Amino acid sequence: MAKASKILLAHGSGGRLSHDLVAKEFVPPWQNPILDQLNDSAVFSLSADGSGPRLAFTTDSYVVKPLSFKGGDIGRLAVCGTVNDLAMVGAKPLYLSASFVIEEGLPLSTLRAVVRSMREAAAEAGIQIVTGDTKVVERGAADGLFVNTAGVGLVPAGLEIGGDRARVGDAVILSGSIGDHGIAVLSQREGLEFEAAVESDVAPLNGLVAVMLAASPNVRVLRDPTRGGLATSLNEIAAQSNVGIAIEETTIPLNDSVWAACEMLGFDPLYVANEGKLVAVVAPEDAEQVLAAMRATRYGEQAAIIGEVVAEPAGKVLMRTAIGGTRIVHMLVGEMLPRIC
Amino acid sequence: MTMRYVQEFRDGAAAQGLVARIEAAASRPVNLMEVCGTHTVSVFRHGIRGLLPPPVNLLSGPGCPVCVTTNADIDKAIALAQQEGVTLATFGDMMKVPGSYQSLQQAKADGADVRVVYSPRDSVRLARDNPHRPVIFFAVGFETTAPTIAASLLEAQRLGVTNFYVFAVHKLIPPAMIALLESGEVRIDGFICPGHVSVIIGSRPYEPIAKRYGVPCVISGFEPLDVLQGIEMLLRQTAEELAEVEIQYSRGVRPEGNPLARELMYRVFEVSDAGWRGLGCIPGSGLKLRPEYRAFDAEQAFPVEPPPTKEHRGCLCGEVLRGVITPPECPLFAKACTPEKPIGPCMVSSEGTCAGWYQYGPRS
């Protein structure tokens with residue numbers, strides 16, 4: 001078969017093709033030590049000797065369809081997604097930019113609702129939107145509205161969080177149920193409306209992260225499992241840290257309605273997107289106190305220890321299933337649900 | 001649907017009990033074939049293979065409709081989609097299946113109007129909403145799917161939707177099972193028969209397999225406990241040297257099946273010969289539109305001449321579909337052939353055997 005020489009929707013899935021696209025098409029031509037970190041945000045020092053707090057900087061574009069869904073809309077997503085990318089490197093998010101690509105004909109009321117929802121999300125996250133840009137394109141050149149946000153935050157001196165820091169014996173903690181966002185958006189997709197009592201979990205996680213970092217100096221990895229789901233985040237950590245990760249299926253929080261929808265549609269919830277969840281790798285001696293701190297917060301009520309970091313097989317994620325079998329959990333391959341964020 | 005019903009069929013303690021009984025019953029090496037792709041996925045997803053004692057070997061069969069669709073049929077679907085002004089609708093899994101030269105996904109990227117639908121009724125709606133555009137539904141599937149296609153076609157007829165067409169490459173499961181046994185290529189000691197297909201056809205079409213070929217058949221559900229219990233029932237039959245058709249999936253399957261669905265299916269379709277990837281042409285194993293529904297036949301309405309078919313070099317999907325090899329024995333597996341750049345259809349479909357091994361198993 002001819003080699004795929006065009007961009008396919010699967011290149012945007014967050015799975016393997018997305019990784020390959022970044023690794024082959026973007027990283028080599030732009031190469032520099034900060035880009036090479038390949039974490040959720042770039043972290044760098046502003047002082048010549050690298051002392052003092054460091055800046056975290058990130059950007060993300062939002063093309064979710066439909067623009068509004070149960071539990072949120074593209075505006076809340078655009079603020080929370082970028083806030084969370086900053087939070088996942090341990091940064092305190094401070095300021096965001098917002099750029100809009102608007103399709104001719106978009107009702108002004110839709111735009112206003114998105115802007116209002118961004119204001120509310122910004123207030124909740126304790127950040128400010130300080131700059132922006134607007135472009136309007138002809139009808140058909142965009143699907144209603146695309147939003148880009150970029151954000152900066154400060155990483156306290158001495159704090160090191162990164163996907164390469166997991167160590168054998170560490171506990172793996174998940175902040176709550178998986179798959180809610182992906183199923184909520186999907187259930188309202190044109191041509192696929194089904195009644196699901198599922199709301200998107202889209203939420204800013206910087207408050208939860210602050211509580212975790214206050215509870216323990218030994219939080220080593222933070223990831224928000226968005227596109228590609230929990231399976232993809234765990235695989236990224238296993239690969240970056242060159243360790244194995246062993247999880248227990250029965251410990252993973254999953255809402256009944258998400259489970260029902262996944263069963264019906266043939267999806268594996270491990271691969272369905274989240275927008276308000278994080279997975280953390282924490283030193284074993286601090287795991288219980290971090291868990292307790294998380295459970296006392298709004299977005300960590302259902303937090304659970306779902307597994308541990310093991311030596312073998314390095315780079316892989318293994319799951320003990322409910323019936324006692326074991327399976328390998330690979331990174332998402334192909335595309336599961338296009339344009340969910 | 002109540003999810004509690006599902007949870008009960010994933011109970012760890014009950015699974016351990018069944019595994020112990022399977023271990024006790026597994027006295028000699030047996031090859032059990034799970035015919036259906038949904039079983040293949042369940043076996044992988046729940047880690048069932050690792051729970052079975054070494055004498056029990058599971059083989060995956062030809063029960064993945066996407067996988068058994070021939071290159072010729074995919075090429076024809078692509079040619080239909082490339083007709084000026086035509087929309088081709090199909091199930092998502094078909095998009096990435098490589099035909100002789102390209103996939104529907106690539107044809108779409110090159111400008112053909114190909115849409116993914118979740119139900120054939122959606123394609124009737126698509127036709128009704130776009131009355132000036134012919135909408136062809138590329139219908140792939142077994143006895144489970146065919147009645148819903150038939151119902152959609154009858155709905156289109158009732159609604160007076162005249163721009164709806166069907167390109168049907170439906171296939172029937174029992175003739176393929178018999179073809180496998182006739183070939184004698186692989187020893188099969190028992191069939192885990194498909195649950196959903198059997199909801200429609202019931203247990204009787206498997207009787208010749210048990211009686212004439214002496215191979216036990218157990219119709220199983222898809223939850224892990226269903227599959228384990230199905231295996232245990234087959235082992236009990238082989239131990240007692242019985243060959244019967246049993247229904248494990250009794251909450252879904254009756255011996256007589258679903259006569260209404262079959263009536264619907266045979267009102268619109270009639271049995272025909274069909275080409276299967278890996279198995280060749282099997283007499284009486286397909287469904288074609290009856291003459292009175294010719295107006296809906298995409299092949300009649302849009303005569304296309306696809307280029308000559310060619311097979312993918314080195315691809316062993318045919319051997320995988322016959323249970324002759326496991327995917328890691330194919331030299332292309334996980335190397336040249338991955339779900340992102342599939343060479344054969346068994347790597348494409350979420351129910352494909354190669355995709356199952358790739359997604360859930362060791363990749364080398």
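This one's a predicted model, so the numbers in the text were calculated from it and none came from an experiment. Every chain's residues receive numbers from 1 upward, in the order its sequence appears when written. Whichever chain is written first is A, and whichever ligand is written first is 1; the rest continue in order. Restriction of local features to residues with pLDDT of at least 70 applies here, the model being predicted, together with a cutoff of 80 or more for giving and counting side-chain atom pairs; totals for whole chains, interfaces and linings are based on all residues.

Here's the deal with the sheet that holds strand 7 (residues 145–155) of chain A
Residues and elements named next belong to chain A. Keep this limit in mind: Pairing between strands requires that DSSP locate at least two bridges from one strand to the other. Runs of E in the DSSP output that reach at least two residues are strands. Runs of H or I that reach at least four are helices, and both are numbered from the N terminus. Every angle, taken between N-to-C directions, lies between 0 and 180 degrees, and every axis is a line fitted to C-alpha atoms, over only the stretch in contact when it is a helix.
Strand order in this open sheet of 5 strands is 1-2-7-5-6, and the pairing throughout is mixed. Two strands lie at the open edges of the sheet, namely strand 1 (42–45) and strand 6 (128–137), each paired on one side alone. Between one strand axis and the next, the sheet turns by 15° as a mean value, whatever way the strands run.

Digging into helix 6 (residues 229–241) of chain A
Residue and element names in this part refer to chain A. We apply this condition: By this rule the span expected of a helix is its residue count minus one, scaled by 1.5 Å. For every residue, the other C-beta atoms within 10 Å of its own C-beta are counted; 20 or more classify it as buried, 12 or fewer as exposed, and values in between as partly exposed. C-beta atoms are placed from the backbone.
The end-to-end C-alpha distance of helix 6 is 19 Å, a good match for the 18 Å that 13 residues give at a rise of 1.5 Å each. Across the 13 residues that make up helix 6, a large majority, 11, are buried. Burial in helix 6 covers these residues: G229, L230, A231, T232, S233, L234, N235, E236, I237, A238 and S241. Looking at the residues trailing helix 6, positive phi occurs at N242, about 55°.

A word on the interface of chain B and chain A
Rules: By definition, residues are in contact whenever their C-beta atoms, placed on the basis of the backbone, come within 7 Å of each other. Three residue categories are used. Nonpolar comprises Ala, Val, Leu, Ile, Met, Phe, Trp, Tyr, Cys and Pro, charged comprises Asp, Glu, Lys and Arg, and polar comprises the others, including Gly.
Chain B puts 32 residues into the contact, and the matching count from chain A is 26 residues. At the level of secondary structure, the elements contributing two or more residues to the side of chain B that touches chain A comprise helix 1 (3–8), helix 2 (12–25), helix 3 (37–45), helix 6 (104–109) and helix 16 (353–360) of chain B. For the side of chain B that touches chain A, the element with the highest residue contribution is helix 2 of chain B, accounting for 3 residues. Of the residues belonging to the side of chain B that touches chain A, the class tally is 16 nonpolar, 11 polar and 5 charged.

Quick look at the sheet that holds strand 9 (residues 245–247) of chain B
Residue and element names in this part refer to chain B. Taking strand neighbours across the sheet as the criterion, the 5 strands line up as 2-1-7-8-9 in an open arrangement whose pairing is parallel. Edge positions in the sheet fall to strand 2 (56–63) and strand 9, since each of these pairs with one other strand and no more. In this sheet, adjacent strand axes meet at a mean angle of 25° when their direction is disregarded. Each of strand 1 (30–36), strand 2 and strand 7 (190–193) touches helix 3; the most contacted strand, strand 1, lies at about 120° to it.

Topic: the pairing of strand 8 (residues 171–174) of chain A
Residues and elements named next belong to chain A. Residues A171 and I173 point to one face of strand 8 and V172 and L174 to the other, with burial holding for every one of them. Examined bridge by bridge, strand 8 and strand 11 (residues 279–282) share 4 bridges and lie antiparallel to one another. Bridge pairing in strand 11 places V172 opposite V281. The pairing of strand 8 with strand 12 (residues 304–310) spans 4 bridges and is antiparallel. Each residue of the ladder has a partner; that of L174, found in strand 12, is A304.

Side note on the nonpolar core
Heads up, the rule is: Here, a nonpolar core denotes buried Ala, Val, Leu, Ile, Met, Phe, Trp, Tyr and Cys residues that are linked to one another through C-beta atoms within 7 Å.
Residues B:A81, B:I136, B:V166, B:F167 and B:F191 are the most contacted members of the largest nonpolar core, which totals 124 residues. When residues in this core are grouped by element, the largest group, 7 residues, is from helix 12 (residues 224–239) of chain B. Setting aside residues up to four positions removed in sequence, B:V166 forms contacts with B:F137, B:A139, B:I149, B:L153, B:L289, B:F296, B:D297 and B:A298. Grouped together as the second largest cluster of nonpolar side chains are 89 residues, A:L145, A:A166, A:I237 and A:M331 included.

Observations concerning helix 7 (residues 120–129) of chain B
Residue pairs spaced three or four apart in an α-helix point in one direction, given the helix's 3.6 residues per turn. Within the span of helix 7 of chain B, buried status applies to B:P120, B:S123, B:V124, B:R125, B:L126 and B:A127. In the core, the buried residues of helix 7 of chain B are packed alongside strand 3 (87–90), strand 4 (113–116), strand 5 (135–139), helix 8 (146–159) and strand 6 (164–168) of chain B.

Section: the domain arrangement of chain A
Residue and element names in this part refer to chain A. To keep it simple, the criterion reads: The domain limits used here are those given by an automatic or database domain assignment.
Per the domain assignment, the segments of chain A are domain 1 (41–155) and domain 2 (171–328). Taking only C-alpha atoms into account, the centre of domain 1 sits 23 Å from that of domain 2. With 20 residues of domain 1 at the contact, the number on the domain 2 side is 20 residues. Sorting the residues of the side of domain 1 that touches domain 2 by element identifies helix 2 (74–87), strand 5 (92–103) and helix 3 (108–125) as the ones contributing at least two each.

Some points on the domain arrangement of chain B
Residues and elements named next belong to chain B. Each domain of chain B was delimited in the assignment, giving domain 1 (3–64 + 177–247), domain 2 (67–172 + 258–301) and domain 3 (317–360). Domain 1 puts 8 residues into the contact, and the matching count from domain 2 is 13 residues. Looking at which element gives the most residues to the side of domain 1 that touches domain 2, the answer is helix 10 (residues 195–201), with 5 residues. A per-class count over the side of domain 1 that touches domain 2 returns 7 nonpolar, 1 polar and no charged.

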